[in-house]
Amino acid sequence: MKLITAIIKPAKMEDVKTALTEYGVAGMTVSEASGFGRQRGHTEVYRGTEYTVDLVPKIRIEVLVDEKDVDGVVAAISKSAATGSVGDGKVWVTPVDHVVRVRTGETGASAI
Amino acid sequence: MDTGDTAWMLISTAMVLLMTPGLAMFYGGMVRAKGVLNMMMMSFISMGLVSVVWVLYGYSMTFGKDLGSGLLGSPTESIGLTDILGSDSLFGTIPTSVFAVFQMMFAIITVALISGAIADRARFGAWILFVVIWVSLVYFPVAHWVFDFDGKDGDGNVIDPGGWIANDLGAIDFAGGTAVHINAGIAALALAFVLGKRVGFGREPFKPHNLTLVMLGAALLWFGWFGFNSGSAVAANATAGVVMLNTVAATGAAMLAWLLVERIRNGHATSLGAASGIIAGLVAITPACSAVDPLGAMAIGAIASAACAYAVSLKYRLGYDDSLDVVGLHLVAGLIGSIFIGFFATSSAPAGVDGLLYGGGSEQLIKQVIASFAVLGYSFIATWLIATVIDRTMGFRITQEAEITGIDLAVHAESSYEIGSQGATRGGYAS
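Residues numbered from 1 in each chain as written. Chains lettered and ligands numbered in written order. Predicted model: local features only at pLDDT ≥ 70, side-chain atom pairs only at ≥ 80, totals over all residues. Heavy atoms only, no water.

Caption draft 1: View of the interface of chain B and chain A. Taken together, the contacts link 20 residues of chain B with nine residues of chain A. Both faces combined, the contact of chain B with chain A buries some 1100 Å², and carbon together with sulfur accounts for 54% of it. At the boundary of chain B and chain A, one finds two salt bridges. Measuring nitrogen to oxygen at the nearest pair gives 3.0 Å for the salt bridge that ties B:Asp325 to A:Arg47. Summed over the shared surface of chain B and chain A, the result is four residue pairs in polar contact (both at pLDDT 80 or more). Elements with a minimum of two residues in the side of chain B that touches chain A: α1 (3–30), α8 (238–266) and α9 (271–288) of chain B. Among the elements that line the side of chain B that touches chain A, the one with the most residues is α8(B), at four residues. (Contact = heavy atoms within 4.5 Å. Buried area = accessible area lost by both parts, 1.4 Å probe. Salt bridge = Lys/Arg side-chain N within 4 Å of Asp/Glu carboxyl O. Polar contact = N/O pair within 3.5 Å; in protein donor to acceptor, adjacent residues only side chain to side chain. Helix = DSSP H or I, 4+ residues; strand = E, 2+ residues; numbered from the N terminus.)

Caption draft 2: Region of interest: the side chain of B:Asp173. Residue and element names in this part refer to chain B. Position of Asp-173 among the secondary structure elements: in the loop between α5 (165–169) and α6 (177–195). Put simply, Asp-173 is tucked away with no salt bridge, and the nearest opposite charge, on Lys-367, sits 15 Å away. Polar contacts involving the side chain of Asp-173 include one to the side chain of Thr-178, which spans 2.4 Å. Each residue touching Asp-173, except ones within four places of it in the same chain, is listed here: Val-146, Phe-147, Thr-178, Ala-179 and Pro-287. (Buried < 20%, exposed > 50% of the residue type's maximum accessible area, 1.4 Å probe, protein only. Lys, Arg positive; Asp, Glu negative; His and termini not counted.)

Caption draft 3: Region of the structure containing helix α12 (residues 326–344) of chain B. All names here are of chain B. For α12, with 19 residues, the first-to-last C-alpha span of 25 Å sits near the 27 Å given by 1.5 Å per residue. Its axis deflected by about 25 degrees at Ser-338, α12 carries its strongest bend there. Summarising burial for α12: 16 of the 19 residues are buried, a large majority. (Expected span 1.5 Å × (residues − 1). Bend = angle between axes of the 7 residues up to and from the residue.)

Caption draft 4: Focus on the nonpolar core. Grouped together as the largest cluster of nonpolar side chains are 141 residues, with contacts concentrated most on B:Phe26, B:Ile114, B:Trp127, B:Phe130, B:Trp134, B:Tyr139 and B:Phe396. Excluding its chain neighbours within four sequence positions, the residues that come into contact with B:Phe26 are A:Arg47, B:Leu213, B:Val214, B:Gly217, B:Ala218, B:Leu221, B:Ala275 and B:Ile279. Residues A:Ile4, A:Val16, A:Leu20 and A:Val65 belong to the second largest nonpolar core, which totals 15 residues. (Core = buried A, V, L, I, M, F, W, Y, C linked by side-chain atoms within 4.5 Å.)

Caption draft 5: Main features of the pattern of salt bridges. Enumeration according to the criterion identifies 15 salt bridges over all chains in this entry. Each of the salt bridges in this network shares a partner with another, and the network as a whole consists of B:Arg32, B:Asp120, B:Arg121, B:Arg198 and B:Asp321.

Caption draft 6: Seen up close, the environment of B:Leu113. You can see B:Leu113 is positioned in helix α3 (residues 96–114). Separated by 15 residues in sequence, B:Leu113 and B:Val98 place their C-alpha atoms 23 Å apart.

Caption draft 7: Representation of the packing of aromatic side chains within the structure. Residues and elements named next belong to chain B. Enumeration over the complete set of coordinates arrives at 23 aromatic pairs over all chains. Here the aromatic rings of Trp-54 and Tyr-59 are separated by 6.0 Å at their centres, their planes lie at 70 degrees, and the arrangement is edge-to-face. Over the aromatic face of Phe-206 sits the side chain of Arg-198, whose NZ or CZ is 4.1 Å from the ring centroid. Residue placement shows Arg-265 over the ring face of Tyr-310; its charged tip is 5.1 Å from the ring centre. (Phe/Tyr/Trp six-rings, centres within 6.5 Å; stacked < 30°, edge-to-face > 60°. Lys NZ or Arg CZ within 6 Å of the ring centre and 35° of its normal.)

Caption draft 8: Structural view of the packing of α6(B) against α12(B). Residues and elements named next belong to chain B. In the contact formed by α6 and α12, the axes pass within 8 Å of each other and the chain directions differ by 145 degrees. Regarding α6 and α12, the two cross each other, and that crossing is left-handed. Taken together, the residues of α12 that come into contact with α6 (itself represented by Gly-177, Thr-178, His-181, Ile-182, Ala-184, Gly-185, Ile-186, Ala-188 and Leu-189) are Val-326, Val-327, His-330, Leu-331, Gly-334, Leu-335 and Ser-338. Class assignment for the residues of the contact of α6 with α12 results in nine nonpolar, seven polar and no charged. (Axes fitted to C-alpha atoms, helices over the stretch in contact; angles between N-to-C directions. Left-handed = near helix turned anticlockwise from the far one by under 90°. Nonpolar A, V, L, I, M, F, W, Y, C, P; charged D, E, K, R; others polar.)

Caption draft 9: Molecular detail of a nonpolar patch on the surface. Residue and element names in this part refer to chain B. Nonpolar side chains collect at one region of the surface, where Phe-193, Ile-381, Trp-384 and Leu-385 lie side by side and expose about 410 Å² of accessible area between them. Sort the elements by how many residues they give to the nonpolar patch and helix α13 (residues 363–393) lands first, with three residues. Here Phe-193 lies in helix α6. (Patch = residues over 30% accessible without salt bridge, like charges linked within 9 Å, V, L, I, M, F, W, Y side chains within 5 Å. Areas by Shrake-Rupley, 256 points an atom, 1.4 Å probe, with all protein chains shown as cover.)

Caption draft 10: Up close: the confidence of the model for chain B. The pLDDT averaged across chain B works out to 95; a share of 98% of its residues lies at or above 70. Quick note on the complex model: pTM equals 0.89, ipTM equals 0.76. (pLDDT = per-residue confidence, 0-100.)

Caption draft 11: The arrangement of unusual backbone geometry in detail. We note that A:Arg47 has phi near 50 degrees; this positive angle belongs to a residue other than glycine. With respect to the helices and strands, A:Arg47 occurs in the loop between β3 (42–46) and β4 (49–53). The phi dihedral of B:Ser69 falls on the positive side, at around 65 degrees, and the residue is not glycine. Checked against the element boundaries, B:Ser69 lands in the loop between α2 (36–63) and β1 (90–91).

Caption draft 12: Highlighting the environment of A:Ile4. Residues and elements named next belong to chain A. With respect to the helices, strands and loops of the structure, Ile-4 is situated in strand β1 (residues 2–8). For Ile-4, a relative accessible area of 0% translates into the label buried. Sequence separation between Ile-4 and Val-91 is 87 residues; the distance between their C-alpha atoms is 7.0 Å. The residues touching Ile-4, leaving out its near neighbours within four places in the chain, are Ile-61, Glu-62, Val-63, Val-65, Val-70, Val-73, Val-74, Ile-77, Val-91, Trp-92 and Val-93.

Caption draft 13: A look at the pairing of strand β5 (residues 56–65) of chain A. Residue and element names in this part refer to chain A. Relative to β5, β1 is paired through seven bridges, and the arrangement is antiparallel. For Ile-4, the partnering residue across the bridge sits in β5 and is Val-63. As paired elements, strand β2 (residues 29–35) and β5 share seven bridges and run antiparallel to each other. Its bridge partner being in β5, Gly-35 is matched across the sheet by Val-56. (Pairing = 2+ DSSP bridges.)

Caption draft 14: Layout of the sheet that holds β2(A). All names here are of chain A. Read across the open sheet, the four strands follow the order β2-β5-β1-β6; overall the sheet is antiparallel. In this open sheet, the two edge strands, each paired with only one partner strand, are β2 and β6 (89–95). Each strand axis lies, on average, 20 degrees off the axis of its neighbour in the sheet, ignoring direction. Looking at chain direction, β1 and β6 are connected through seven bridges and run antiparallel. Within β6, the residue paired with Thr-5 across the bridge is Trp-92.

Structural data, given as structure tokens:
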């Protein structure tokens, strides 16, 4: 089992959600995040004074998948989240030791 | 008594009162979320304090019998305003009571304007003391100079002398360019000097936390300003109409001018720029609204707004923390509006004076400059002294730790917004 975490542009949220649903993932967790990568922050102007804002808004998507789905889900996210410009985000995969479905007590791949 | 005039002045008074909560929103949206309640409270407390002080002796100091040379009214003539209640007590064509409350609103908002210079860092008790002393020693005398016209008998003989700027000097200040805006603007500068800069000034971004609140505040101020300016006619007549026309012409031009400067200089027309341009225009036309035609009003509004759009950056270069630009808006636009009457006044307007550009010579211009700088000089020195005494005795600033944590929590034991997850409101009654 793997946890796939993706940081994407807020504007691509709907595209990524659609792509994941079409792929057939069982569920996902979405949260608002802020941070920066190579694009750094942006500037805002208030009464003529420019402020640099280091942390820009991002969306974090987390999906639990079985081993066989890892490549497919990563591909679906990176394809649907891409705009080609700096700041498109990242996708990474981490191993998961144990999963329990709270309602039934199922464990392992059947709990995903 | 004229019922039409009285009805208009009752409405105007309520409209001017609404400007102070409007100002609280205008200012409150511009500070960070951890200081919005204190920012709004500094305006709201003025409604409480100045109402009481005005009834007790403020009206009397401003419009009471002149004590000599047009400098101050008698503080004891109308103590408690118990002597103006009769139906025969008139100010022009309206009951004196209505005029007294209308003018009370001006005192309330003038001192509230100053609070924008000391956002996030003033002790509330010190601010309360400052408000009471400042209106007593600065606003009431200056308003007497500017707003208290000589009372005359049927033959034109002066039977009740008023303030020196309005009568002896003869400067034009229809609704308070000097007494309200130059006065509050320069007082704000003095207060910013005494209190010093916020922690992180010039280093950390002090982003406005809620620009929708700023826009709402600007809208309420504009609405109330029609009562402020047109109500200063103290009648529902042609002067009030011309004043309203000039007020909206100047303010519209001023908003456009600020946005144009921003678009050229920074690349974007911003909502804060629109709100700021509105205020710059309203301030600038306040003294001039009876003395110019609509084209002159637009010129004054646009010039003042463009100047303010540059002036708000001065605090970073000169190193004073006028947090919400009371100096950059009210002092700069107040000076331009008051002095440019000397250029743009036209005898076709109700005031009936020609300025330099309309063939009237420089006489009015000189009067305007004298009035502006007399108020500026007196207010700066008196405010600096009042604030310094408060700072040296009880202390004007909260602790650095309280300032960094947030003044709302430290001073009022409240936080402004409870937005977000369920966890935020967990806890119980502290019994």
